[in-house]
Amino acid sequence: MQKNISNFTYFNPTKILFGKNQISALDQLIPSNKKVLITYGGGSVIKFGTLDKVKEALGKREYGEFGGIEANPTFETAMKAVELVKKEGYDFLLAVGGGSVIDATKFIVAAAEFEGDPINIFGSGIGTREPIKTALPFGTILTLPATGSEMNAGSVITFKEKKAKVSFGSPKVFPTFSILEPELTYTLPERQLANGVIDAFVHITEQYLTFPVDAMVQDRFSEGLLQTLIEIGPDVIDETNKDYNLRANFMWTATNALNGTLSPGVPQDWASHDLGHEITALYHIDHARTLSIVLPALLTIRKNEKHGKLVQYAERVWHITEGSDEEKVTAAIEKTKVFFERLGAPTSFKDIDLGEEVVEILVAQLEKHGKNSLSERKDQTIEISRKIYQAAL
Ligand code: NZQ
Ligand code: ZN
């Protein structure tokens, strides 16, 4: 088993502009000869005036728009944008929205330049997972802190008919720049704010709750971000609370939770995401609300494999100092669950009105998508995943 910090290459080319009135910098950020396609979602950016601000900041340069990207963006919708890009000759994309709009835009910039059928950008039984050799440049204006997509090179796309959520990643799809204005979060409803806190929280645990390799910096970064979310989470979800620093701290935490800061050289376990994606694909449950159901169950079933880091998590993140190690671990898992519940999120299938009939259906989807050796040790078999779904009932 790995005992040391692995060799790593750390690279993140995304320029961040954080703070107030940053959208006005767009004119300098995008070369004036570029033909820009603005991408957005179901209309929140129109309703709250962000799109108007963006258009004003783009000045006299040529631009068009593509709206209607769904939450959990679909391949089908993104392909319509790919056709538009090719037909109209757009050569710079600007994503204005949350993780869904940014993820779809990552696919669009890669697919527009892809030789052959863009379905082959994906693996997991969908395509042949060919490398992405080039992609168009793009920037983002983030309206929902949650996924970290604004500063990473990953994307998750939904295939509606195949009932699958499939990710791809490539250094070619790092955003050139991302604008992070905490004030853009003021229009988010409580549910999306809670989703953001939980998604960021679980991104951190996926890179932290594995086995110890004595990575002091990565561990303490993770613990600092987790403690920040625990401290501010209950205030963040109050949609009437427009405290600037509160939202600024939330936004920067979510970005750092999945921008490569926490992962260098340490083991990672994306099993909560893998098990959660199957729930969203079949039952259309928000991404974060699948994680709040899966994570406590996964930690319970996998507590022996994760024992060392769970004790560390209990002591350093939740400050549990009493009792045996076993008791500390149990208490930390319970505190995690209570934290999610306090944010109004479900922590069992019962909470989303699903019963034991889902277990075999979800397990069959995992099998179909080749998810039979998950976790930091690749030892999470289908049988163990079944136990996790059962523990979440
Ligand atoms: O579509 P509009 O009308 O814009 O409304 C959106 C959407 O309904 C709304 N919203 C966004 N900003 C708003 C706002 N409403 C009011 N005020 C604002 N400022 O919020 C709703 C949800 O948006 P969405 O982009 O879907 O949420 P999120 O950012 O949570 O993204 C979820 C997607 O990202 C993927 C998920 O699987 C899911 O498909 N992920 C991407 C990752 C990555 N690329 O690294 C990692 C994550 O683990 C995750 O899997
Ligand atoms: Zn996530």
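Okay, so let's go over this structure. Just so you know, these numbers come straight off a predicted model, no measurement behind them. (Residues numbered from 1 in each chain as written. Chains lettered and ligands numbered in written order. Predicted model: local features only at pLDDT ≥ 70, side-chain atom pairs only at ≥ 80, totals over all residues. Heavy atoms only, no water.)

**Describing the overall build of the chain**
Of the regular secondary structure elements, the chain holds 14 helices and eight strands. By principal-axis analysis of the C-alpha atoms, the chain measures approximately 65 × 45 × 45 Å. By residue count, 59% of the 393 residues in the chain fall in the buried class. Surface summary for the chain: the accessible area is close to 16400 Å², and the carbon and sulfur share equals 49%. Between the mean site of the 42 positive side-chain charges and the mean site of the 51 negative ones, the chain shows a separation of 3 Å. (Helix = DSSP H or I, 4+ residues; strand = E, 2+ residues; numbered from the N terminus. Buried < 20%, exposed > 50% of the residue type's maximum accessible area, 1.4 Å probe, protein only. Areas by Shrake-Rupley, 256 points an atom, 1.4 Å probe, with all protein chains shown as cover. Lys, Arg positive; Asp, Glu negative; His and termini not counted. Charge placed at Lys NZ, Arg CZ, Asp CG, Glu CD.)

**Examining the packing of helix H7 (residues 216-236) against helix H8 (residues 244-257)**
Any two packed helices are characterised by the angle at which their axes cross and by the distance between the axes. In the contact formed by H7 and H8, the axes pass within 10 Å of each other and the chain directions differ by 140°. Judged on the interaxial angle alone, H8 and H7 are oblique. For the pair H7 and H8, the sense of crossing is left-handed. Between H7, through Leu225, Thr228, Leu229, Ile232, Asp235 and Val236, and H8, the contact on the second element is made entirely by Leu246, Arg247, Asn249, Phe250, Thr253, Asn256 and Ala257. The residue inventory of the contact of H7 with H8, partitioned by class, reads seven nonpolar, four polar and two charged. (Axes fitted to C-alpha atoms, helices over the stretch in contact; angles between N-to-C directions. Parallel < 35°, antiparallel > 145°, perpendicular 65-115°, else oblique. Left-handed = near helix turned anticlockwise from the far one by under 90°. Contact = heavy atoms within 4.5 Å. Nonpolar A, V, L, I, M, F, W, Y, C, P; charged D, E, K, R; others polar.)

**Examining the coordination of the zinc ion (ligand 2)**
Around the zinc ion (ligand 2), the protein contributes the donor atoms Asp199 (OD), His203 (NE2), His273 (NE2) and His287 (NE2), at 2.0 to 2.2 Å from the metal centre. Site description for the zinc ion (ligand 2): donor spacing in sequence, D-x3-H-x69-H-x13-H. Taken together, the residues span a long stretch of sequence, with Asp199 in helix H6 (residues 190-208) and His287 in helix H10 (residues 287-301) at a distance of 88 residues. Each member of the pair, Asp199 as well as His287, is classed as buried. (Donors = N, O, S within 2.8 Å, 3.2 Å for Na, K, Ca; no water.)

**Brief notes about H6**
Across its 19 residues, H6 extends 27 Å between first and last C-alpha, which sits within 8% of the 27 Å expected from 1.5 Å per residue. Counting buried positions along H6 gives 16 out of 19 residues, so the element sits mostly inside the fold. (Expected span 1.5 Å × (residues − 1).)

**Focus: a negative patch on the surface**
Where like charges cluster on the molecular surface, the negative patch consists of Glu190, Glu231, Asp235, Asp238, Glu239 and Asp243. Mapped onto the secondary structure, Asp238 falls in the loop between H7 and H8. (Patch = residues over 30% accessible without salt bridge, like charges linked within 9 Å, V, L, I, M, F, W, Y side chains within 5 Å. Salt bridge = Lys/Arg side-chain N within 4 Å of Asp/Glu carboxyl O.)

**Remarks on the pattern of salt bridges**
Opposite charge on two side chains permits them to pair, given that their charged atoms come into close proximity. Counting across every chain of the model gives 16 salt bridges. Ionic pairing is found between Lys306 and Asp269, a salt bridge with its closest N-O pair at 2.7 Å. Of this pair, Lys306 sits in the loop between H10 and helix H11 (307-317) while Asp269 sits in the loop between H8 and helix H9 (271-283), and the two are 37 residues apart along the sequence. In this structure, Lys328 engages Glu315 in a salt bridge whose closest nitrogen and oxygen atoms are separated by 2.7 Å. In this pair, Lys328 sits in helix H12 (residues 325-342) while Glu315 sits in helix H11, placing the two residues 13 residues apart along the sequence. Connected via shared salt-bridge partners are Asp269, Lys306 and Glu376.

**Here's the deal with the site of ligand 1**
In the region of ligand 1, 32 residues are neighbours, and Gly42, Ser44, Ser100, Lys165 and His203 sit closest. Here a nitrogen atom of ligand 1 sits 3.0 Å away from a polar atom, N or O, in the main chain of Leu184. For ligand 1, whose unbound accessible area comes to 970 Å², protein coverage reaches 87%. Elements with a minimum of two residues in the shell around ligand 1: helix H5 (99-111), strand S6 (154-159), H6 and H9. (Near = heavy atom within 4 Å. Polar contact = N/O pair within 3.5 Å; in protein donor to acceptor, adjacent residues only side chain to side chain.)

**As for the packing of aromatic side chains**
Under the definition given, this model contains 16 aromatic pairs. Each ring, one from Phe75 and one from Phe159, has its centre 5.0 Å from the other, and the planes form 25°; the classification is stacked. Remark: Phe159 occurs in strand S6 and Phe75 occurs in helix H4 (residues 75-88); sequence separation between them is 84 residues. Here Phe75 matches Phe159 in class, with each residue buried. (Phe/Tyr/Trp six-rings, centres within 6.5 Å; stacked < 30°, edge-to-face > 60°.)

**Topic: the nonpolar core**
Membership of the largest hydrophobic core comes to 66 residues, with the highest contact counts inside it found for Phe201, Tyr313, Trp318, Phe339, Phe349 and Tyr389. Counting residues per element, this core draws most heavily on H6, at nine residues. For Phe339, the contacting residues outside a window of four places in its chain are Val197, Phe201, Leu229, Ile230, Pro234 and Trp318. Counting residues in each nonpolar core, the second largest holds 38 residues, with Ala112, Ile121, Phe159 and Val173 among its members. (Core = buried A, V, L, I, M, F, W, Y, C linked by side-chain atoms within 4.5 Å.)

**Some words on the packing of H7 against H11**
At a closest axis distance of 10 Å, the pairing of H7 and H11 adopts a crossing angle of 50°. Accordingly, the angle class assigned to the pair H7 and H11 is oblique. Taken as a pair, H7 and H11 cross one another with a handedness that is right-handed. On H11, the residues touching Asp219, Arg220, Glu223, Leu226, Gln227 and Ile230 of H7 are Lys309, Gln312, Tyr313, Arg316 and Val317. A breakdown of the residues in the contact of H7 with H11 according to their chemical character gives four nonpolar, two polar and five charged.

**Comments concerning the pairing of S6**
In summary, the side chains of a regular strand alternate between the two faces of the sheet. Counting buried positions along S6 gives five out of six residues, so the element sits mostly inside the fold. As judged from the six bridges shared by S6 and strand S7 (residues 164-169), these two strands associate in the antiparallel manner. Each residue of the ladder has a partner; that of Ser155, found in S7, is Phe168. Linking S6 to S7, which pair antiparallel, is a turn of four residues; within it Lys163 sits at a positive phi near 50°. (Pairing = 2+ DSSP bridges.)

**Quick notes on the sheet that holds strand S8 (residues 177-180)**
Read across the open sheet, the six strands follow the order S1-S8-S5-S4-S2-S3; overall the sheet is parallel. Strand pairing shows two members of the sheet lacking a second neighbour, strand S1 (15-18) and strand S3 (63-66), which therefore form its edges. Averaged over all adjacent pairs, the angle separating strand axes in this sheet is 20°, with direction ignored. The sheet contact formed by strand S2 (residues 36-40) and S3 spans four bridges and is parallel. Within the sheet, the bridge partner assigned to Val36 lies in S3 and is Tyr63. Against the sheet, H4 makes contact with S2, S3 and strand S4 (92-97), and its axis sits at roughly 160° relative to S3, the strand it touches most. With respect to the sheet, H5 is in contact with S2, S4 and strand S5 (138-142), its orientation differing from that of S4 by roughly 165°.

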